[in-house]
Amino acid sequence: MKIKLRQEKKDDFESVFQLIEKAFEKEEYSDHKEQFLVENLRKSEAFIPELSIVAEVENKIVGHILFTKLEIKNETQTFPSLALAPVSVLPEFQGKGIGSKLILHGHKVAEELGYKSVILLGHQDYYPRFGYELCEKYNIKMPFDVPAENCMVIALAKDGLKDVSGEVVYPKAFFE
């Protein structure tokens, strides 16, 4: 199976909407509104077109990942970072490495764009394989109450989290 990764285009929006809807349909820990989150984020200042990436198999979009801007703030400093949310793969293509390819490719593009870290809320058994660590290790806190084991961060560059600490500030679009 040949998987092609590329930047999402406007023509892809409807396919991506349906893909995300299907990908999260049976997900237990979901509000089943991820497709609307992506629509809101695309219209926000947090959106980075190069970091909205699709995976295609035989010219059919089977996966999508989105990284958007966020900040980590403490009393004295603000650190730019990225949110990974969501990563979606059509159910019939899950377990075939497409999500992994999207994550690793997204990390590479993000690092090339100068971003130093990525924050996410996700399954504690899945993301550590990519190098994600618990946010609490870096004294990075979420602005809402979620289990610590689901709050993770990765440094994309050497020393990408050096001296970084504070509270995550998500863009407004995450809450609209």
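The text that follows walks through the structure, step by step, so that each part is easy to find. What you see is a predicted model, and the numbers here were worked out from it, not measured in a lab. (Residues numbered from 1 in each chain as written. Predicted model: local features only at pLDDT ≥ 70, side-chain atom pairs only at ≥ 80, totals over all residues. Heavy atoms only, no water.)

Examining the environment of Ile119
Condition: Under the scheme used here, helices are H or I runs from DSSP no shorter than 4 residues and strands are E runs no shorter than 2 residues, and both carry numbers assigned from the N terminus. Only protein chains enter the accessibility calculation, which uses a 1.4 Å probe; a residue whose area is less than 20% of its type maximum is buried, one above 50% is exposed, and one in between is partly exposed.
Summarising the element assignment, Ile119 is placed in strand β5 (residues 117–121). Of the residues examined, Ile119 reaches a relative accessible area of 0% and is grouped as buried. For the pair formed by Ile119 and Cys151, sequence separation is 32 residues and the distance between their alpha carbons is 7.5 Å.

Here's the deal with helix α1 (residues 13–24)
Quick reminder of the rule: The span one expects for a helix is its residue count, reduced by one, times 1.5 Å. What the arc covers is the set of directions going from the helix axis to the C-beta atoms. Throughout, a contact is declared for two residues whenever any of their heavy atoms are within 4.5 Å.
Taking 1.5 Å per residue, twelve residues should reach 16 Å; α1 reaches 17 Å between its end C-alpha atoms and fits that length. Taken residue by residue, α1 has Val16, Phe17, Leu19, Ile20, Ala23 and Phe24 as its buried positions. Here the buried residues of α1 occupy an arc of 165° about the axis, which is enough to place them on one side. Packed against the buried residues of α1 are α2 (34–42), β2 (52–57), β3 (60–73) and β4 (78–89).

Details of helix α3 (residues 98–112)
Because an α-helix completes one turn every 3.6 residues, residues spaced three or four positions apart along the sequence face the same direction. Look at α3: 21 Å from first C-alpha to last across 15 residues, which is about the 21 Å you get at 1.5 Å a residue. Within the span of α3, buried status applies to Ile98, Gly99, Ser100, Leu102, Ile103, Gly106, His107, Val109 and Ala110. Considering only its buried residues, α3 is in contact with β1 (4–7), β2, β3, β4, β5 and β8 (151–155). One or two residues past the end of α3 sits Gly114, with phi positive at roughly 95°.

Re the packing of aromatic side chains
Defined as follows: In this scheme Phe, Tyr and Trp rings, the latter by its six-membered ring, pair at centre separations within 6.5 Å, and the angle between planes marks the pair as stacked below 30 degrees, edge-to-face above 60, and tilted otherwise.
A full pass over the atoms with the stated rule returns nine aromatic pairs. On the numbers, 5.3 Å between centres and 65° between planes, the contact of Tyr126 with Phe130 is edge-to-face. Ring centres 6.4 Å apart and planes at 90° place the aromatic pair Tyr170 and Phe175 in the edge-to-face group. In this structure Phe175 comes out as exposed when scored by relative accessible area, which is 53%. Taken together, the ring pairs connect Tyr126, Tyr127, Phe130 and Tyr132 into an aromatic cluster.

With respect to unusual backbone geometry
Here Ala85 and Pro86 are connected by a cis peptide whose omega angle stands at -15°. Phi is positive for Glu58, which is not a glycine, with a value near 50°. Looking at the element boundaries, Glu58 is found in the loop between β2 and β3. Although it is not a glycine, Asp159 sits at a positive phi angle of roughly 60°. For Asp159, the location among the structural elements is in the loop between β8 and β9 (166–169).

A closer look at the nonpolar core
What counts here: Residues grouped as a nonpolar core are buried Ala, Val, Leu, Ile, Met, Phe, Trp, Tyr and Cys residues, joined through side-chain atoms within 4.5 Å.
Ranked by internal contacts, the top residues of the largest apolar core, which has 58 residues, are Leu84, Ile119, Tyr127, Tyr132 and Ile140. Of all the elements in the fold, those that place two or more residues in this core are α1, α2, β2, β3, β4, α3, β5 and β8. Ignoring sequence-local partners within four residues, the contact set of Tyr132 consists of Leu84, His107, Val118, Leu120, Tyr127, Met152, Val153 and Ile154.

Looking at the pattern of salt bridges
The condition that has to hold: Here, a salt bridge means any side-chain nitrogen of Lys or Arg that lies within 4 Å of a carboxyl oxygen of Asp or Glu.
For the coordinates displayed, the defined rule picks out ten salt bridges. Here Glu92 ties to Lys60 by a salt bridge, and the two come within 3.9 Å at their closest N and O atoms. Taken together, the positions of Glu92 in the loop between β4 and α3 and Lys60 in strand β3 put the pair 32 residues apart, joining distant regions of the chain. For Glu133, the salt bridge identified is with Lys137, shortest N-O distance 2.4 Å. Taking relative accessible area as the criterion, Lys137 reaches 55% and is therefore assigned exposed. Residues participating in the shared-partner salt-bridge network are Lys4, Arg6, Asp12 and Glu56.

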